[in-house]
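Fold and geometry: a report
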Amino acid sequence: MKVLVTGGAGYIGSHTVYLLIEQGHDVVVVDNLVTGHKQDVHPDAKFYYGNIGDYPLMVDILRKEKVDGLIHFAAYSLVGESMSQPFKYYENNVSATNVMLAAMAECGVKQLVFSSTAATYGDVNVPLITEEMPTHPTNPYGQTKLAMEQMIAWHGQAYGMRHVAFRYFNVAGAHSSGRIYEKHDPETHLIPLVLEVAAGVRKQIYIFGDDYATPDGTCIRDYIHVMDLAVAHVKAMNYLIDGGKSMTFNLGNGEGFSVRQVIEAAQKVTGREILTHVSDRRQGDPAKLIASSLLATETLNWIPQYPSIEAIIESAWKAAY
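The following paragraphs examine the structure supplied in this document.

Thresholds applied
- Residues numbered from 1 in each chain as written.
- Predicted model: local features only at pLDDT ≥ 70, side-chain atom pairs only at ≥ 80, totals over all residues.
- Heavy atoms only, no water.
- Helix = DSSP H or I, 4+ residues; strand = E, 2+ residues; numbered from the N terminus.
- Buried < 20%, exposed > 50% of the residue type's maximum accessible area, 1.4 Å probe, protein only.
- Pairing = 2+ DSSP bridges.
- Axes fitted to C-alpha atoms, helices over the stretch in contact; angles between N-to-C directions.
- Contact = heavy atoms within 4.5 Å.
- 1 Å grid on protein atoms, 1.4 Å probe; cavity = no way out; pocket = protein on both sides within 12 Å on 5 of 7 lines; lining within 4 Å.
- Points joined across faces, edges and corners; volume = space filled by probe spheres on them.
- Nonpolar A, V, L, I, M, F, W, Y, C, P; charged D, E, K, R; others polar.
- Parallel < 35°, antiparallel > 145°, perpendicular 65-115°, else oblique.
- Left-handed = near helix turned anticlockwise from the far one by under 90°.
- Core = buried A, V, L, I, M, F, W, Y, C linked by side-chain atoms within 4.5 Å.
- Expected span 1.5 Å × (residues − 1).

Right, let's get into the side chain of Thr 144. Inspection of the secondary structure puts Thr 144 in helix 5 (residues 140–159). Look at Thr 144 and you get buried, because its relative accessible area is 0%.

Next up, the structure:
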C-alpha cells in the first residue's frame, strides 16, 4: 500500500515511516520541520516540506501521489505550552487538520489513522481507562485532540471516510538500529530527560509534585514503546483498507509506573546515579493514567512487544548514548 504520513519527520512519525518501509510499503511524508528532523525521514520515503494547513499543497500532493490512506501525526503536543498558548494549539492542531480533511475529501482519500492522546480523558481515578469512559480534558492540548477526533468523525460521516483514532499514553524508546530516537527541542518527556541526567547532559531531574494521591506521591503513567505504537498504526491502516469500521482505541501496556519508579529503572539500566529535585505540580497534569488496550488487542491483534519499563528505557539509552 501507499501511505501519506503527516509529521513523518517527528519522533513517532519517523518510527512509523521506518516500519512501513521495512514492510515493503510506499511512503510519502509531509512535515514542516517545526518539531521534526529531516535527517530522521527514511531515505526511501518521498518527502514534501510544507504545512498540512496549506490546502493547495495538500490537494496537489494527494492528487499526485494517489495514496491509499493517511496517517496523521502532525500536531503540537506540549501540555504546559498549551496552557500558556492555547491559541497556538487550536490554530495548528484543529484548524490545520480541518484543512487537511477538506483536501482529503476533495481528493477522495477514504482512510485515516489519527494519533490522538490519553489526555482526552482528563483527570480520572480508575484502575484502567477504557474507551467508553467520558472525556474531560484538563488542558488545551487534550481538548484540541478531542476536537480533532470529533471533527474527523463528522468528516467521515459526511464524506464516507473511515478512521481509527489512537488514544495513547507516554511514548518512549527507540528503533533497534539506533538511527532514530526521541530528540525533542525543548525536551519535556520524562524518560529522555532522566537519561540526560544519567549521561551528564543535565544536573538533575525535576519531579513535578510528590503529593499526588498515588503510592509514592508522584504521577503514574502507562509507558509504551514507540515501535509498538508504530506497529499499531500500520495494523490500523491495513484494518481500514480491508474494510474495517471507524473505531477509537486506547494503546498502552496496561501497567502504570510512577515518576520515581521510572527514575529507579533508569538508574538500574544505566548503572548511574540520577539526582532529583521536587518542584511544584504542573498545571493540567492528572495524577494517574493507565490504559486498557483490550479492544485494540481483540480488533487489531495488537500485542505490545516491549512490556517492561526497563526494556523501553534500555532501547532509548542505547540509541541516544
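The rest of the description comes next.
We now examine the sheet that holds strand 1 (residues 2–6). Taken in spatial order, the 7 strands make up an open sheet running 3-2-1-4-5-6-10, and their pairing is parallel. Looking along the sheet, the strands with just one partner apiece sit at the ends: strand 3 (46–49) and strand 10 (247–251). Sheet twist, expressed as the average angle between the axes of neighbouring strands with direction ignored, equals 15°. Where strand 6 (residues 162–168) lies against strand 10, 5 bridges are found, and the strand directions are parallel. Following the sheet pairing, Val 164 is matched in strand 10 by Met 247. Helix-sheet contacts for helix 2 (residues 55–65) involve strand 1, strand 2 (26–31), strand 3 and strand 4 (69–72), and the interaxial angle to strand 3 is about 165°.

One pass over the full model with this rule turns up 1 cavity of 30 Å³ or more. The volume enclosed by the largest cavity comes to roughly 40 Å³. Surrounding the largest cavity, Ala 9, Gly 10, Tyr 11, Thr 35, Gly 36, His 37, Asp 40, Tyr 181, Lys 183 and His 184 form its lining.

We now examine the environment of Val 231. With respect to the helices and strands, the residue Val 231 is situated in helix 7 (residues 226–241). Residue classification places Val 231 among the partly exposed residues on the basis of a relative accessible area of 27%. Sequence separation of Val 231 and Leu 251 is 20 residues, and the distance between their C-alpha atoms is 11 Å. What Val 231 contacts, discounting residues up to four positions off in sequence, is Leu 19 and Trp 302.

On to the layout of surface pockets. Size it by volume and the second largest pocket reaches roughly 180 Å³. As for the second largest pocket, its lining consists of Gly 173, Tyr 181, Glu 182, Lys 183, His 184, Glu 187, Pro 192, Leu 195, Glu 196, Ala 316, Ala 320 and Tyr 321. At the level of elements, helix 6 (190–198) and helix 10 (309–320) are the ones that each hand at least two residues to the lining of the second largest pocket. Here the lining of the second largest pocket gets 3 residues from one element, more than from any other, and that element is helix 6. Taken together, the residues that form the lining of the second largest pocket break down as 6 nonpolar, 2 polar and 4 charged.

We now examine the packing of helix 2 against helix 4 (residues 86–107). Contact geometry of helix 2 with helix 4 gives a least axis separation of 9 Å together with a crossing angle of 40°. Taken together, helix 2 and helix 4 sit at an angle that is classed as oblique. With respect to the hand of their crossing, helix 2 and helix 4 are arranged in right-handed fashion. Taking contact as the criterion, the partners of Tyr 55, Met 58, Val 59, Leu 62 and Arg 63 in helix 2 are, on helix 4, Val 99, Met 100, Ala 102, Ala 103, Met 104, Glu 106 and Cys 107. Classifying every residue of the contact of helix 2 with helix 4 gives 10 nonpolar, no polar and 2 charged.

So, on to the nonpolar core. Membership of the largest hydrophobic core comes to 37 residues, with the highest contact counts inside it found for Phe 166 and Leu 251. At the level of secondary structure, the elements contributing two or more residues to this core comprise strand 1, helix 1 (11–22), strand 2, strand 6, helix 7, strand 10 and helix 9 (294–300). It is helix 7 that provides the largest number of residues to this core, a total of 10 residues. Listed in part, the 28 residues of the second largest apolar core include Leu 4, Leu 112, Met 148 and Ile 152.

Okay, helix 7 next. Along its 16 residues, helix 7 runs 23 Å from first to last C-alpha, staying within 8% of the 22 Å computed at 1.5 Å per residue. By the criterion of burial, helix 7 is predominantly enclosed, with 12 of the 16 residues buried. One or two steps after helix 7, the chain reaches Gly 243, where phi turns positive at roughly 100°.

The N-to-C vectors of helix 8 (residues 259–270) and helix 10 enclose an angle of 55°; their axes lie 9 Å apart at closest approach. By the criterion of interaxial angle, the relationship of helix 8 to helix 10 is oblique. The handedness of the crossing between helix 8 and helix 10 comes out as right-handed. On helix 10, the residues touching Val 262, Ala 265, Ala 266, Val 269 and Thr 270 of helix 8 are Ile 309, Glu 310, Ile 313, Glu 314 and Trp 317. Tallied by class, the residues present in the contact of helix 8 with helix 10 amount to 7 nonpolar, 1 polar and 2 charged.

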